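Close look at the chain arrangement
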2 protein chains.
Amino acid sequence: MSHLLKDELAVVNVGIEAFVESVRLQGKSVWHVEWQPPGDGQAGLAWQLAQLLGDPADPESAGSRIDRANDTATARMLAAQPRLVDVALHAHEVWPDMDRMLLHAGAPVPWERMCPPMRGAMIGAALYERWAASPEEAEALLGRGEIRFAQCHDRNAVGPMSGVISQSMPLFVVKNGTHGNTAYSNFSEGIGRVLRFGAYSPQVLEQLRWIENVLAPAVKAAVARAHDGIDLKTIQSQALLMGDEVHSRNAAATALFFMSVAPALAASDFDRAGVAAALAFIAANSQFFLNLSMAASKATMDAAHGVEHSSIVTAIARNGVTTAIRVSGLGKRWFEAPSDTPVGLYFPGFKAADANPDLGDSAICETAGFGGLSLAASPALVKLVGGTVAQAIGYSREMAHVAWTRNPAMSLPNLEFAGAPAGIDVRKVVDTGIRPVLTTGIAHREAGIGQIGAGIVRAPLGCFTQALAALAESLGIP
Amino acid sequence: MSHLLKDELAVVNVGIEAFVESVRLQGKSVWHVEWQPPGDGQAGLAWQLAQLLGDPADPESAGSRIDRANDTATARMLAAQPRLVDVALHAHEVWPDMDRMLLHAGAPVPWERMCPPMRGAMIGAALYERWAASPEEAEALLGRGEIRFAQCHDRNAVGPMSGVISQSMPLFVVKNGTHGNTAYSNFSEGIGRVLRFGAYSPQVLEQLRWIENVLAPAVKAAVARAHDGIDLKTIQSQALLMGDEVHSRNAAATALFFMSVAPALAASDFDRAGVAAALAFIAANSQFFLNLSMAASKATMDAAHGVEHSSIVTAIARNGVTTAIRVSGLGKRWFEAPSDTPVGLYFPGFKAADANPDLGDSAICETAGFGGLSLAASPALVKLVGGTVAQAIGYSREMAHVAWTRNPAMSLPNLEFAGAPAGIDVRKVVDTGIRPVLTTGIAHREAGIGQIGAGIVRAPLGCFTQALAALAESLGIP
């Protein structure tokens, strides 16, 4: 309020912005403070929230029980040691029931309600698997319900954008050495017209077969030569010092991963042309590491999942229609709300009206403390999405208000090397109204056009208010 | 002065700090402003400086002539396009007169006055060339003057630390596509006990032979397959977005360079074990790109050299005894002053008293706008040398006061993507008393122990005052 003169009659307006204009119309100065009551303005929810925040002096209060559970869940996060230990050449080696089944990103969504990019990806996967000979045939099969759908997240897997995984696709196999659990993701297909954005031209399918037959076996050979696999946590940590937030920017992480596989790959008995092509493919795709960052985050957050009473968010996933979260203490239930459309910068020729609502499993990175929570690390990304360095730093500072702790292994240079905020607490989100910031690519709303921009989006508050109510119910709070 | 109470009697002391204490002893508040008169307190120099800064309204004034020359010199800097176009397998291919000759960093220094790390490097080079069979024999040869010395800089070359180059060593060949000039540097030997720090054990010599016989031919093969070489300017520019200042930190630049050679190397008909060993060597040495950054900077600054009347510094080089500069309009003359010892952090077991005075040609990076001038890009480096992110940003802001322009191709994220300061102007250094900041490794003062820390050092003011006097003389200003 320093710009107000001391003696001037001034009004401070808290909360409802509509009052501001009426004061201004009377020629008075008014200072608006953005605020809303905890619990999204719902009295019942606010009462439940108060119980769930609890009485710290009473170790048996609901709040204290949740606090202890969150300490356990985030300790597992921070202790995770995700390593790339193998490549499964085909998904059916991991999941033998994959015939006539396709995995997708986010919470369950029937064919009728799927967004066009996800529908296109399903058609493309059916063609790739040769379940259909033409797009029309594939669409008919899918429309008749002859291909089952399941979610990546239910199989300890994650996929960016539509997140489609079919039985013949190769998988990264990431093991969390501390907890012993395993997570999976598909391979990056590069940029442009690709399956995950719903493209299914012959070139797209040919590229997928090259990934299956050359790239995946090459990376498998390199990983096999590395002692105990490739340490993804160290790559994530180093990359945060090198301008990545390891969600929407992975330029450094991809280069570090490349350096960690290239010598082994060159030394392997894999054919030379294949080695050179595999290396050239990775080198040309600065987001190659995204799928690995996602699998590392999934391996980390699956370890933090299932701690009774914990209010830590262990997954944020978007199916192109809804955004859904899972919470450590609330089992496999998804808490869903309609997705927002990202705000950002568009590639030449595209505009906001072309954008699909937020899509993909990649927000698993935010649950593990990367992406929007680590935006201070990535001025170069913020420039790409249309912000300033100060805003980048501001996002990480803001996210610390909804995170349970900080991760000392993931330091943010522009916060004088403070650890990245880690472990989104449902209670803190509902209490402050601060919605988690996600960095994201922007997909065209039509199938197959691909990425049309990059931006920032916030997870809808509805996911968190529903989860809070469920948490209250699980603790017998009416 | 905001901490002083308004009504308190206060003293503002400008310049000589000794007065401060006497005011304090009287119980009064005193605010000290660091300032000294332009021209290092020398009246004659201040008068010359005034002439050289000149009258901007008079296009024929000395100042205006220098300004125009500096526009020309820095335009050449900014237009430079340094590319790695080849590897010369042996220095004598480039310079046929290298028998019984050794190049070293910095300005000329006789054997008797060389610092121990440089002496050790000379002994090691004589052993590597088999001019002597033992260190004692090599030392005797050198002591009798039977091996000639020359400077890297006089052959369009640069070398880190002692900068020793002998006839059998391979060279990076960097061509500035805009200006057509060529620059050279030797290969990085990795870290630890290495020749450039004065080590000459059998293992050091064996490593040098491996570089000559395996690494250099492998990189040569990769470069030969790249269309028009490898663009070093783009790597430098990208690396500034990734936490490097491409002098004392090259982690991202090395990874980007690695990605640009590995696919071609893998595809070459070079033997597989050699390819794998070469890649593993580069991947294990995050400063591998330093020598390339230096050669790119040399190719850039040689183009800016030789512009009549220009006061732009085109080289800063340290021989371990003196720091010396060359100035665009002042030919091959070195302006020398005793080197300072860097201030920084030491590896465990070492302390400031162990440090050699500042050493090596690597400050060519600062003349091209990197290193200390781009420190805002590298919070991770500042942490390594014992500073804060705010200080890193502060150094780049300060350096803008002594630079002629900014380089729009080299943007600094933490200055909201402003271009790095570029082209140190001798006049501005003498006018402000702000000495250029150099980032540097710290060598042990004894031969062969190697790097014992990393830090920051400033070039001595004496180099700049001497250059200013010579500039005045060249323009007929008494």
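For the structure, check the block above.
Residues numbered from 1 in each chain as written. Chains lettered and ligands numbered in written order. Predicted model: local features only at pLDDT ≥ 70, side-chain atom pairs only at ≥ 80, totals over all residues. Heavy atoms only, no water.

Moving on to the overall build of chain A. The number of helices and strands found in chain A is 16 helices and 18 strands. Relative to the compact-globule value of 23 Å for 478 residues, chain A shows a C-alpha radius of gyration of 23 Å, a close match. Along the longest, intermediate and shortest principal axes, the C-alpha atoms of chain A span 80 × 50 × 45 Å. Buried positions account for 59% of the 478 residues belonging to chain A. Restricting the contact set of chain A to residue pairs at least 6 apart, pairs at least 24 apart contribute 69%. Roughly 17600 Å² of accessible area belongs to chain A as shown, and the carbon and sulfur atoms make up 54% of that amount. A gap of 2 Å separates the mean positions of the 37 positive and 45 negative side-chain charges of chain A. (Helix = DSSP H or I, 4+ residues; strand = E, 2+ residues; numbered from the N terminus. Rg over C-alpha atoms; globule rule 2.2 N^0.38 Å. Buried < 20%, exposed > 50% of the residue type's maximum accessible area, 1.4 Å probe, protein only. Contact = heavy atoms within 4.5 Å. Areas by Shrake-Rupley, 256 points an atom, 1.4 Å probe, with all protein chains shown as cover. Lys, Arg positive; Asp, Glu negative; His and termini not counted. Charge placed at Lys NZ, Arg CZ, Asp CG, Glu CD.)

Turning our attention to the interface of chain A and chain B. On the side of chain B, 33 residues touch chain A, which itself brings 33 residues to the contact. Where chain A abuts chain B, roughly 2700 Å² becomes buried across the two surfaces, and 68% of that area is made up of carbon and sulfur atoms. Three residues, A:M242, A:M259 and A:R272, lead the burial of chain A against chain B; their summed loss comes to 25% of the area buried on that side. In this structure, the connection of chain A to chain B is made through zero salt bridges. Along the contact surface separating chain A from chain B lie ten residue pairs in polar contact (both at pLDDT 80 or more). For the side of chain A that touches chain B, the secondary structure elements donating two or more residues are α9 (251-267), α10 (272-283), α13 (379-385) and α14 (389-399) of chain A. (Buried area = accessible area lost by both parts, 1.4 Å probe. Salt bridge = Lys/Arg side-chain N within 4 Å of Asp/Glu carboxyl O. Polar contact = N/O pair within 3.5 Å; in protein donor to acceptor, adjacent residues only side chain to side chain.)

Attention now moves to the relation of the copies chain A and chain B. For the pair chain A and chain B, the relating rotation is 180°, the translation along its axis is 0.0 Å, and the fit reaches an RMSD of 0.1 Å. A rotation of that kind, with that shift, is consistent with a two-fold axis. No C-alpha of chain A lies nearer the rotation axis than that of A:M242, which sits 2.1 Å from it. Looking at the interface residues of chain A, 100% of them are also at the interface in chain B, so both copies use one shared face. (Least-squares fit on C-alpha atoms with pLDDT ≥ 70 in both.)

This part covers the side chain of B:D354. All names here are of chain B. Locating D354 in the fold gives a position in the loop between β13 (343-346) and β14 (359-360). For D354, a relative accessible area of 12% gives the class buried. Look past the residues within four positions of D354 in its chain and what remains in contact with it is G349, A443, H444, R445 and I452.

Summed over the entire model, instances satisfying the criterion amount to 28 salt bridges over all chains. Two residues, A:D244 and A:R249, come together in a salt bridge whose shortest N-O distance is 3.4 Å. Each member of the pair, A:D244 as well as A:R249, carries the same accessibility label: buried. B:R318 is the salt-bridge partner of B:D358, the closest N and O atoms lying 2.6 Å from each other.

Time to look at the nonpolar core. Core analysis: the largest hydrophobic core is formed by 153 residues, its most contacted members being A:F257 and B:F257. If we ignore the near neighbours within four places in the chain, the residues touching A:F257 are A:L84, A:V219, A:I230, A:I235, A:F288, A:F289 and A:L292. (Core = buried A, V, L, I, M, F, W, Y, C linked by side-chain atoms within 4.5 Å.)

Right, let's talk about the pairing of strand β3 (residues 82-88) of chain B for a bit. All names here are of chain B. Direction of pairing for β3 relative to strand β7 (residues 171-176): antiparallel, over a ladder of six bridges. Within β7, the position partnered with D86 by the bridge is V173. As paired strands, β3 and strand β9 (residues 230-231) are joined by two bridges and run antiparallel to one another. Each bridged residue has a counterpart across the sheet, and for R83 the counterpart in β9 is D231. (Pairing = 2+ DSSP bridges.)

With that out of the way, let us pick up the pairing of strand β10 (residues 313-319) of chain B. All names here are of chain B. Among the seven residues in β10, seven count as buried, and that is most of the element. Where β10 hands over to strand β11 (residues 322-327), the hairpin turn is made up of two residues, of which G320 adopts a positive phi near 90°. Pairing geometry for β10 and β14, over two bridges, is antiparallel. Counted as the bridge partner of R318 is G360 from β14.

Bringing the sheet that holds strand β13 (residues 343-346) of chain A into the picture now. Residue and element names in this part refer to chain A. With antiparallel pairing, three strands are arranged side by side in an open sheet as β13-β18-β17. Strands at the two margins of the open sheet, each flanked by one partner only, are β13 and β17 (437-443). In this sheet, adjacent strand axes meet at a mean angle of 20° when their direction is disregarded. Bridge count for β13 against strand β18 (residues 451-458) is four bridges, and the pairing is antiparallel. When the bridges of β18 are listed, V343 appears paired with I456. Along the sheet face, α14 touches β17 and β18 and points at about 40° away from the line of β18. (Axes fitted to C-alpha atoms, helices over the stretch in contact; angles between N-to-C directions.)

All names here are of chain B. Phi is positive for R100, which is not a glycine, with a value near 55°. Mapped onto the fold, R100 is located in the loop between α4 (91-94) and β4 (101-104). Located in the positive-phi region is D228, a residue other than glycine, with phi close to 60°. Mapped onto the secondary structure, D228 falls in the loop between α7 (202-225) and β9.

For the rest of this paragraph, the subject is the sheet that holds strand β11 (residues 322-327) of chain A. Residue and element names in this part refer to chain A. The four strands lie next to each other as β12-β11-β10-β14, forming an open sheet whose pairing is antiparallel. Only two strands of the sheet have a single partner each, and these edge strands are β12 (335-338) and β14 (359-360). Examined bridge by bridge, β11 and β12 share four bridges and lie antiparallel to one another. Bridging from a neighbouring strand, I325 pairs with F335 of β12. In this fold helix α16 (residues 461-474) packs onto β10 (313-319), β11 and β12, with an angle of close to 155° to the strand it touches most, β12.

Let us now look at the packing of aromatic side chains. Going through the model one piece at a time under the given rule, you end up with 15 aromatic pairs over all chains. Note on A:F172 and A:F187: the rings are 4.0 Å apart at their centroids and 15° apart in plane angle, and the pair reads as stacked. Linking A:F172 in strand β7 (residues 171-176) with A:F187 in the loop between β8 (182-185) and α7 (202-225), this pair joins segments that are 15 residues apart in sequence. The exposure classification of A:F172 matches that of A:F187, with both residues buried. Measuring from centroid to centroid gives 5.2 Å for B:W210 and B:F281, while their planes differ by 55°, and the two rings are tilted. Of this pair, B:W210 sits in helix α7 while B:F281 sits in helix α10 (residues 272-283), placing them 71 residues apart in sequence. Taken together, the aromatic side chains of A:F172, A:F187, A:W210, A:F257, A:F281, A:F288 and A:F289 make up a single cluster linked through ring pairs. Here the guanidinium or amino end of A:R119 rests over the ring plane of A:W111, the centre of that ring lying 4.4 Å away. Across from the ring centre of B:W334, 4.1 Å away, lies the NZ or CZ of B:R326, which sits over that ring. (Phe/Tyr/Trp six-rings, centres within 6.5 Å; stacked < 30°, edge-to-face > 60°. Lys NZ or Arg CZ within 6 Å of the ring centre and 35° of its normal.)

In short, the description is geometric, and any link to function would need to be established separately.
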